[in-house]
Amino acid sequence: MAAPVGPVDEQYQLVTGAGPEPCNIAEYERYAQYILPRNAWGYYASGSNDMITLRENREAFTRLRLMPRILVDVEKVNTHTTILGDKVSMPICLAPTAMQRMAHDDGECATARAASRHGTLMTLSSWSTIALEEVFEAAPKGLKWFQLYVYKDRAVTLDLIKRAEKAGYKALAITVDTPILGRREADLKNKFSLPVHLTMGNFAKKGGAHTAGTKSAGKEGSGLASYVASLIDKKLTWQDIAWVRKQTTMKIVVKGVLTADDALAAVRNGVDGIWVSNHGARQLDTTPATIEVLPEIVRAVAGRCEVYLDGGVSRGTDVLKAISLGARAVFVGRPVLWGLAHSGEEGVFKAIQLLREEFELAMRLSGSTSLADLKPNLVRTAFSMQSRL
């Protein structure tokens with residue numbers, strides 16, 4: 001095959017906001033590209049280096065084919081499930097995305113309210129532009145996790161853990177793939193820095209580099225790259241995961257797993273969940289798409305803890321494929337940002353509603369009425385189909 005089997009490239013007019021509501025995530029994305037400042041758009045949209053993995057996160061989904069069953073009563077479908085014991089209305093959850101007030105002034109609070117209205121899980125970034133306590137109180141009944149970066153200064157890390165636990169967050173999603181920041185060339189070209197009217201909300205009272213470290217591109221050429229190089233711990237090991245465990249009663253999820261070996265190590269270290277992620281293709285370029293490695297990780301884990309996936313999910317059929325291949329839930333990041341840029345809380349709500357409706361439609365058209373119906377035999381690779389010809 002000369003090229004991956006996927007959708008035909010189509011030409012679109014740039015969305016200006018004057019037309020009808022977006023009818024898919026791609027249209028929300030095009031609107032965001034039009035409306036956002038270059039600094040913010042480049043940060044949100046880009047991957048690392050040649051952005052091969054960024055493209056593959058999407059294209060890998062297009063190389064999977066669905067094998068629908070017919071003559072099934074699909075008048076009613078049930079998308080409800082649990083995540084680490086907590087009920088959610090669907091297996092579509094919100095991934096942590098940093099600095100959301102660059103997309104809309106209501107930022108993470110708008111996202112929290114939208115997630116709560118959907119009855120699903122939101123994960124808040126350590127690098128939120130609003131303090132974690134304020135975000136929680138924006139939607140106090142909504143299910144929330146806190147994404148944790150481990151800082152060189154363990155007192156800073158411990159403060160985040162204790163504050164998240166006290167506020168009511170149910171789990172820590174510890175990012176394990178970012179000892180340093182990947183080379184994001186859009187940020188280098190734009191000399192990325194957090195706009196002057198914004199700050200890292202969880203460190204507003206901390207001062208110094210924790211508060212102002214993203215305000216200048218610094219010697220790394222990107223404000224965030226300089227921040228990470230200065231403050232985030234490059235020595236993170238499984239012993240540090242055990243240290244976090246001792247500090248809290250919250251559940252522990254490791255975010256950034258791409259191999260079966262690391263998944264097995266996570267199981268041995270007693271984590272509650274494994275989050276298959278390549279950090280939105282923003283770290284090491286040319287790593288595989290997350291949907292490509294999901295099946296082997298699910299097999300390795302063998303039900304001993306829950307497995308989640310992010311990366312490239314932008315259609316309901318993507319959700320269907322990931323759940324069929326063993327993910328407990330998928331997490332979406334950029335679609336949330338595109339909705340936020342469009343119209344704040346309502347934009348996030350409607351973007352997630354699109355995915356929800358597409359997922360329910362895909363379930364019906366595949367002959368599935370519950371998540372238990374979604375099995376690996378629903379999915380085949382495009383190559384396997386062609387090899388039969």
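Residues numbered from 1 in each chain as written. Predicted model: local features only at pLDDT ≥ 70, side-chain atom pairs only at ≥ 80, totals over all residues. Heavy atoms only, no water.

## A closer look at the overall build of the chain
Move 1: Helices and strands together make up the secondary structure of the chain, namely 15 helices and 12 strands.
Move 2: Taken over the C-alpha trace, the chain has a radius of gyration of 20 Å; the compact-globule value for 389 residues is 21 Å, and the two agree within 12%.
Move 3: Looking at the chain residue by residue over its 389 residues, the buried ones come to 57%.
Move 4: At a minimum sequence separation of 6, the contacts of the chain that also span at least 24 residues come to 72%.
Move 5: Of the roughly 16,900 Å² of accessible surface on the chain, 53% is carried by carbon and sulfur atoms.
Move 6: For the chain, the distance from the average site of its 48 positive side-chain charges to the average site of its 41 negative ones is 3 Å. (Helix = DSSP H or I, 4+ residues; strand = E, 2+ residues; numbered from the N terminus. Rg over C-alpha atoms; globule rule 2.2 N^0.38 Å. Buried < 20%, exposed > 50% of the residue type's maximum accessible area, 1.4 Å probe, protein only. Contact = heavy atoms within 4.5 Å. Areas by Shrake-Rupley, 256 points an atom, 1.4 Å probe, with all protein chains shown as cover. Lys, Arg positive; Asp, Glu negative; His and termini not counted. Charge placed at Lys NZ, Arg CZ, Asp CG, Glu CD.)

## What to know about the packing of helix H13 (residues 316-324) against helix H14 (residues 334-365)
Move 1: The N-to-C vectors of H13 and H14 enclose an angle of 60 degrees; their axes lie 7 Å apart at closest approach. Here H13 is positioned oblique relative to H14, judged by the angle of their axes. In the crossing of H13 with H14, the sense of the turn from one axis to the other is right-handed. Only Leu355, Glu358, Phe359, Ala362 and Met363 of H14 make contact with H13, whose side of the interface consists of Gly316, Thr317, Val319 and Leu320.
Move 2: Its residues assigned to classes, the contact of H13 with H14 shows six nonpolar, two polar and one charged. (Axes fitted to C-alpha atoms, helices over the stretch in contact; angles between N-to-C directions. Parallel < 35°, antiparallel > 145°, perpendicular 65-115°, else oblique. Left-handed = near helix turned anticlockwise from the far one by under 90°. Nonpolar A, V, L, I, M, F, W, Y, C, P; charged D, E, K, R; others polar.)

## Here we look at the environment of Gly280
Move 1: Examined against the element boundaries, Gly280 turns out to sit in the loop between strand S9 (273-276) and helix H12 (290-301).
Move 2: We classify Gly280 as buried; its relative accessible area is 15%.
Move 3: When the C-alpha atoms of Gly280 and Thr53 are compared, they prove to be 8.5 Å apart, with 227 residues separating the residues in sequence.
Move 4: Leaving out residues up to four positions away in the same chain, Gly280 has contacts with Leu54, Asn57 and Arg334.

## Re the packing of aromatic side chains
Note on aromatic pairs: each is described by the distance of the centres and the angle between the planes.
Move 1: In this structure the tally under the stated criterion is 14 aromatic pairs.
Move 2: Arranged with centres 4.8 Å apart and planes meeting at 20 degrees, the rings of Tyr43 and Phe192 form a pair that is stacked. One end of the pair, Tyr43, is in helix H2 (residues 38-45); the other, Phe192, is in the loop between helix H7 (185-190) and helix H8 (208-212), with 149 residues separating them in the sequence.
Move 3: The exposure class of Tyr43 is buried, given its relative accessible area of 5%.
Move 4: Aromatic rings pair up to connect Trp127, Tyr149, Tyr151, Phe203 and Tyr227 into one cluster.
Move 5: Over the aromatic face of Phe136 sits the side chain of Lys144, whose NZ or CZ is 4.3 Å from the ring centroid.
Move 6: Positioned above the aromatic ring of Trp243, the side-chain terminus of Arg154 is 5.6 Å from the ring centre. (Phe/Tyr/Trp six-rings, centres within 6.5 Å; stacked < 30°, edge-to-face > 60°. Lys NZ or Arg CZ within 6 Å of the ring centre and 35° of its normal.)

That's the geometry; what it means functionally is another story.
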